[in-house]
Amino acid sequence: MPTVLITGVNRGLGLEFITQYAAAGWSVIGTCRDPSSASEAQAVVASAGNVTLYQLDVSEPEAVKALAETLKGTSIDVLILNAGLMAERTGLGTFNAEDFLQVLNVNVVAPAIFIQAFADHVAASERKIIVGMGSTLGSIAGNTSGGMYSYRSSKAGLHAIMRTASVDLRDKGVTAIAMHPGWVVTDMGGDGADIRTSESISGMMSVIDGLSISDSGRLLTYAGEELPW
Ligand code: NAP
């Protein structure tokens, strides 16, 4: 049974990831900041039997390292760096350094620290895949609407990290990609988004399932289309 580790599973895309991977029979490891209040994720744990939840704030490097140590010896076939943040005030004339740095910390620094801590767990697995949850809003070539300074720059940074990891981990046979989940109805995406979490996640799982090392370093949508950097 392959193993998947997903960050930020108490709501939104992360919650749907653990739901669908558990239903597919995978061994599922989910992390969230407060498992005791993550009632929907706890319901998946209770009904599925193949899901384990760990408490983790991804912005705490020592906690990430400690989880990697706890899971030493566990092969992780697919690592999904999903936890992410969008600040409220991100337009020109509205943002401040503190919020900006928090977004960069969660969306850029934390995934890099995570890859550093878990590269060997992934390399020891059969499938050897790392997915960073990027965004079309992090596409520099595709930016024609402006705004969202911290979020856009954080996702562009995450894309760079996934591309860099794809180069650094190629010798270990690890496939590292960035993925845009679509514009999805979640707390972050809002009610007016294009698609539901079920469609986004089933699409991403299908893309992930079809990946090989020759895909490493790509930026793909949930439908498997290539996005411009
Ligand atoms: P969401 O509903 O706002 O969920 C965000 C998740 O990230 C929550 O589980 C949240 O946990 C977690 N998180 C935030 N900061 C964290 C931290 N310091 N430590 C641990 N967990 C933390 O957003 P979503 O739509 O599911 O987004 C998931 C990912 O997809 C994000 O990376 C987002 O940028 C990306 N994305 C989403 C869309 C979209 O349309 N929805 C589009 C492109 C990309 P708490 O509940 O504890 O805050």
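The structure under discussion appears in the preceding block.
What this report covers is the structure whose coordinates are included nearby. (Residues numbered from 1 in each chain as written. Predicted model: local features only at pLDDT ≥ 70, side-chain atom pairs only at ≥ 80, totals over all residues. Heavy atoms only, no water.)

Let's shift gears to the pattern of salt bridges. It is possible for side chains of opposite charge to pair when their charged atoms get near one another. Under the counting rule described, the total for this entry stands at seven salt bridges. Residues Asp-187 and Arg-11 are paired through a salt bridge, measuring 2.9 Å at the closest nitrogen-oxygen approach. Taken as a pair, Asp-187 in the loop between strand S6 (175–180) and helix H6 (197–209) and Arg-11 in the loop between strand S1 (3–7) and helix H1 (12–23) lie far apart in primary sequence, 176 residues in all. As a salt-bridge pair, Arg-218 and Asp-215 come within 2.7 Å of each other at their nearest N and O atoms. Given a relative accessible area of 26%, Arg-218 falls into the partly exposed group. A residue is classified by how much of its surface remains accessible, and Asp-215, at 12% relative accessible area, is buried. What emerges from the salt-bridge pattern is a single network uniting Asp-215, Arg-218 and Glu-226. (Salt bridge = Lys/Arg side-chain N within 4 Å of Asp/Glu carboxyl O. Helix = DSSP H or I, 4+ residues; strand = E, 2+ residues; numbered from the N terminus. Buried < 20%, exposed > 50% of the residue type's maximum accessible area, 1.4 Å probe, protein only.)

Along the polypeptide, Asn-105 turns up in helix H4 (residues 97–123). On the basis of relative accessibility, which here comes to 30%, the residue Asn-105 falls in the partly exposed class. With 90 residues separating them along the chain, Asn-105 and Ile-195 place their C-alpha atoms 28 Å apart. Not counting the four nearest positions on each side in its chain, Asn-105 is found in contact with Ser-59 and Ala-110. (Contact = heavy atoms within 4.5 Å.)

Our next topic: the sheet that holds strand S3 (residues 51–55). One open sheet holds the seven strands; their spatial order is S3-S2-S1-S4-S5-S6-S7, and the pairing between them is parallel. Sheet topology places S3 and strand S7 (219–221) at the edges, where each strand pairs with a single neighbour. Sheet twist, expressed as the average angle between the axes of neighbouring strands with direction ignored, equals 20°. Where strand S4 (residues 78–81) and strand S5 (residues 129–133) come together, four bridges link them in parallel fashion. Opposite Leu-81, over in S5, you have Gly-132 as the bridge partner. Packing against the sheet, H4 makes contact with S1, S4 and S5, and its axis sits at approximately 175° to S4. (Pairing = 2+ DSSP bridges. Axes fitted to C-alpha atoms, helices over the stretch in contact; angles between N-to-C directions.)

We now examine the layout of surface pockets. In this model, the largest pocket occupies a volume close to 990 Å³. Forming the walls of the largest pocket are 41 residues, and the residues nearest its centre are Asn-82, Ala-83, Gly-84, Leu-85 and Met-188. Counting only elements with at least two residues in the lining of the largest pocket, the list comes to H1, strand S2 (27–32), H4 and helix H5 (149–168). Grouping the constituent residues of the lining of the largest pocket by class yields 16 nonpolar, 19 polar and six charged. (1 Å grid on protein atoms, 1.4 Å probe; cavity = no way out; pocket = protein on both sides within 12 Å on 5 of 7 lines; lining within 4 Å. Points joined across faces, edges and corners; volume = space filled by probe spheres on them. Nonpolar A, V, L, I, M, F, W, Y, C, P; charged D, E, K, R; others polar.)

Between its first and last C-alpha atoms H4 spans 37 Å; for 27 residues at 1.5 Å apiece the expected length is 39 Å, and the two agree. Maximal helix bending in H4 amounts to about 50°, located at Ala-117. Where H4 begins, one side-chain oxygen reaches toward the backbone nitrogen of Glu-98, 3.1 Å away; that side chain belongs to Asn-96. (Expected span 1.5 Å × (residues − 1). Bend = angle between axes of the 7 residues up to and from the residue. Polar contact = N/O pair within 3.5 Å; in protein donor to acceptor, adjacent residues only side chain to side chain.)

Before going further, it helps to spend a moment on the site of the ligand. The environment of the ligand is formed by 28 residues, the closest being Asn-10, Arg-11, Arg-33, Tyr-151 and Thr-186. At 2.6 Å from an oxygen atom of the ligand is found a side-chain nitrogen or oxygen belonging to Arg-33. Here Lys-155 contributes a side-chain N or O atom positioned 3.0 Å from an oxygen atom of the ligand. Contact with the protein chains hides 93% of the accessible area of the ligand, taken as 890 Å² for the molecule alone. Cavity membership is defined here by more than half of the atoms lying within 2 Å of grid points; on that basis the ligand lies in the largest pocket. For the shell around the ligand, the secondary structure elements donating two or more residues are H1 and H5. In terms of residue class, the shell around the ligand is built from eleven nonpolar, twelve polar and five charged. (Near = heavy atom within 4 Å. Areas by Shrake-Rupley, 256 points an atom, 1.4 Å probe, with all protein chains shown as cover. Sits in = over half its atoms within 2 Å of the grid points.)

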